[in-house]
Amino acid sequence: MDSPLAYDEGLMGRALTLASRAVETGDVPVGAVVVDADGTVIGEGWNARERDGDPTAHAEVIALRAAAAARGEEWRLDGCTLVVTLEPCTMCAGALVLARVSRLVFGAYDEKAGAVGSLWDVVRDRRLNHRPEVRGGVRAEEAAAQLLAFFADHR
Ligand SMILES: [Zn+2]
């Protein structure tokens, strides 16, 4: 289960590219991919709250839905890894636990709303019987720079 850092960094590159697409619709750049145990991408998403007028249209939720749809009736994402450019919020942390994702890899930490260590630690709460493995801070500087550039333009 413990993937090499280079593998996670490669997937983060794809998530960063997806994140840049959010900017086209005025959305905060956050991107996510879901890969199965073989390393095949089965879901992708980027933040689309403004585009869709949907407060739940976070990159992670969109990617998890796509991955579950790709798996057909087997919506449980056992063996899958979710890779996202920003530390998940409470909603997304809850969603990835419900989806039974095995691993979470994220980029920048979110000190204002992060639920995977910053403000809360939803996914590693010992009261839960499903706890994914976590690697945070992967290509964090690039993910943070992308967000800072967006907010500099939209202030
Ligand atoms: Zn979220």
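Small disclaimer: the values here were computed from a predicted structure and weren't measured. (Residues numbered from 1 in each chain as written. Predicted model: local features only at pLDDT ≥ 70, side-chain atom pairs only at ≥ 80, totals over all residues. Heavy atoms only, no water.)

Undergrad: Explain the coordination of the zinc ion residue by residue, including any values.
TA: At this site the zinc ion is bound by H58 (ND1), C89 (SG) and C92 (SG), with donor distances of 2.0 to 2.3 Å. For the zinc ion, the single-chain donor residues occur in sequence as H-x30-C-x2-C. Separated by 31 residues along the polypeptide, H58 in the loop between α2 (49-52) and α3 (59-70) and C89 in the loop between β3 (81-86) and α4 (90-98) bring together distant segments of the chain. Note on accessibility: H58 and C89 belong to one class, buried. (Donors = N, O, S within 2.8 Å, 3.2 Å for Na, K, Ca; no water. Helix = DSSP H or I, 4+ residues; strand = E, 2+ residues; numbered from the N terminus. Buried < 20%, exposed > 50% of the residue type's maximum accessible area, 1.4 Å probe, protein only.)

Undergrad: Residues and numbers for the packing of aromatic side chains, please.
TA: In the structure shown here, the tally under the stated rule is two aromatic pairs. Seen in terms of ring centroids, F106 and Y109 are 5.0 Å apart; in terms of plane orientation they differ by 80°. Their pairing is edge-to-face. Judged by its relative accessible area of 1%, F106 falls in the buried class. The exposure class assigned to Y109 is partly exposed, which follows from its relative accessible area of 48%. For the pair F150 and F151, a centre-to-centre distance of 5.3 Å together with 80° between the ring planes defines the contact as edge-to-face. Residue F151 is classed as partly exposed on the basis of its relative accessible area of 34%. (Phe/Tyr/Trp six-rings, centres within 6.5 Å; stacked < 30°, edge-to-face > 60°.)

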